[in-house]
Structure formats: structure tokens, C-alpha cells
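An overview of the molecular structure
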Amino acid sequence: QVQLAESGGGLVQAGGSLRLSCAASGRTFSTSTMGWFRQAPGKEREFVAAITLSGSSTYYADSMKGRFTISRDNAKNTVYLRMNSLKPEDTAVYYCAASSIGGRGIVTITRYYDYWGQGTQVTVSS
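Per chain, residue numbering runs from 1 following the sequence as it is written. Local features in this predicted model are restricted to residues whose pLDDT is 70 or higher, and side-chain atom pairs enter the listing and the counts only when it is 80 or higher, whereas totals over whole chains, interfaces and linings include all residues. Excluding hydrogens and water, the side-chain figures rest on all heavy atoms present in the structure.

**Considering the state of the cysteines**
A pair of cysteine sulfur atoms is labelled a disulfide when the two atoms are within 2.5 Å. The final tally for this structure, using the stated rule, is one disulfide. Each disulfide pairs two cysteine sulfurs, and for Cys-22 the partner residue is Cys-96, the sulfurs being separated by 2.0 Å. Between Cys-22 and Cys-96, the S-S dihedral sits near -80°, and the bridge is therefore left-handed. Here the residue Cys-22 occupies a position in strand β3 (residues 18–26), and Cys-96 occupies one in strand β9 (residues 92–98), the gap between them amounting to 74 residues. Cys-22 gets classed as buried once you look at its relative accessible area, which sits at 0%. Each helix is a run of DSSP H or I of at least 4 residues and each strand a run of E of at least 2, with the numbering of both proceeding from the N terminus. Think of it in three bands: with a 1.4 Å probe and only protein chains considered, a residue is buried below 20% of the maximum accessible area for its type, exposed above 50%, and partly exposed in between.

**Side note on the packing of aromatic side chains**
Pairing of aromatic rings covers Phe, Tyr and Trp, the last through its six-membered ring, and needs centres within 6.5 Å; plane angles under 30 degrees mean stacked, over 60 mean edge-to-face, and all others mean tilted. By the definition in use, this model includes five aromatic pairs. Through successive ring pairs, a cluster of aromatic residues spans Phe-37, Phe-47, Tyr-112, Tyr-113 and Trp-116. In this scheme, the term charge over a ring applies when either NZ of a lysine or CZ of an arginine sits within 6 Å of the ring centre and within 35 degrees of the ring normal. A cation sits over an aromatic face here: Arg-45 above Tyr-95, 3.8 Å from the ring centre. Seen from the ring of Trp-116, Arg-45 lies directly overhead, with NZ or CZ sitting 5.0 Å from the centre.

**Comments concerning the pattern of salt bridges**
Salt bridges are counted wherever a side-chain nitrogen of Lys or Arg sits within 4 Å of a carboxyl oxygen of Asp or Glu. Scanning the entire structure with this criterion turns up four salt bridges. Residue Arg-38 pairs with Glu-46 through a salt bridge whose shortest N-O separation is 2.6 Å. On the accessibility criterion, Glu-46 (30% relative accessible area) is partly exposed. Residue Asp-90 pairs with Arg-38 through a salt bridge whose shortest N-O separation is 2.8 Å. Here Asp-90, found in the loop between β8 (78–83) and β9, pairs with Arg-38, found in strand β4 (residues 34–39); they are 52 residues apart in sequence, far enough to count as distant. When sorted by exposure, Asp-90 lands in the same class as Arg-38, which is buried. One continuous salt-bridge network, built from bridges that share partners, spans Arg-38, Glu-46, Arg-67 and Asp-90.

This is the structure in C-alpha cells:
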């Protein structure tokens, strides 16, 4: 199995930045695409960003594009999410996800992913 552990969340003022980390352990060779989702209270979990195994392809939700950057360090089995120009509406629990799918897939939906972390809280104050 694969375990994912997020870290780096916290409280930041609007316009600030945070970098989230997701460390994978276990059968990491079964992991391909990695993604980030977020969920605010009373709202559905929404796609934030995704990155392929090699890092050659990245995907972003429109509202994140230009502000967030996803990257990975396979030697450390870690995926990062750099968040810049944070807004209060970015406040949510951020979840790391991993998929074993190596071929075609829809990386923006939760069902694409096999493994999930427990989440890390990001709070952006106005």
C-alpha cells in the first residue's frame, strides 16, 4: 500500500505564500500521477493541481493557474504545492492524492486517485 502525509499548512495573510509537501511511503513504485485537492467546509472537494510521474506534464484548475505551482522530487518521494498570492477563498483543507494509473485518465476528478492523505489545513486571513 501507499501512505501519503501532507505538511506545510498553516495561517497566512492574504497575498502571502505557502508551500505544501506530500511525502509518499510504502509501495511508491505503484504511484504515478500525483494531485492536490482542497475542500472547504460545506463544499465539495475540488481539484487544485496534478503532475505526472516524470513531472513533464502539469495540470491546474483555472482559479489556481498562475498562482500555484506543483512539482515533485521523486528521489524524495515528495510532491510540493507552492501557493502564491493567496486569497481568503483559498482557505480549505488541502489533500494530497496519488494514482496508480500510468496511462490516460482524467486527473481532475477524485475517482482517478487510489490513495489520499489526511489533509493539511490552510487558512488565509483577509
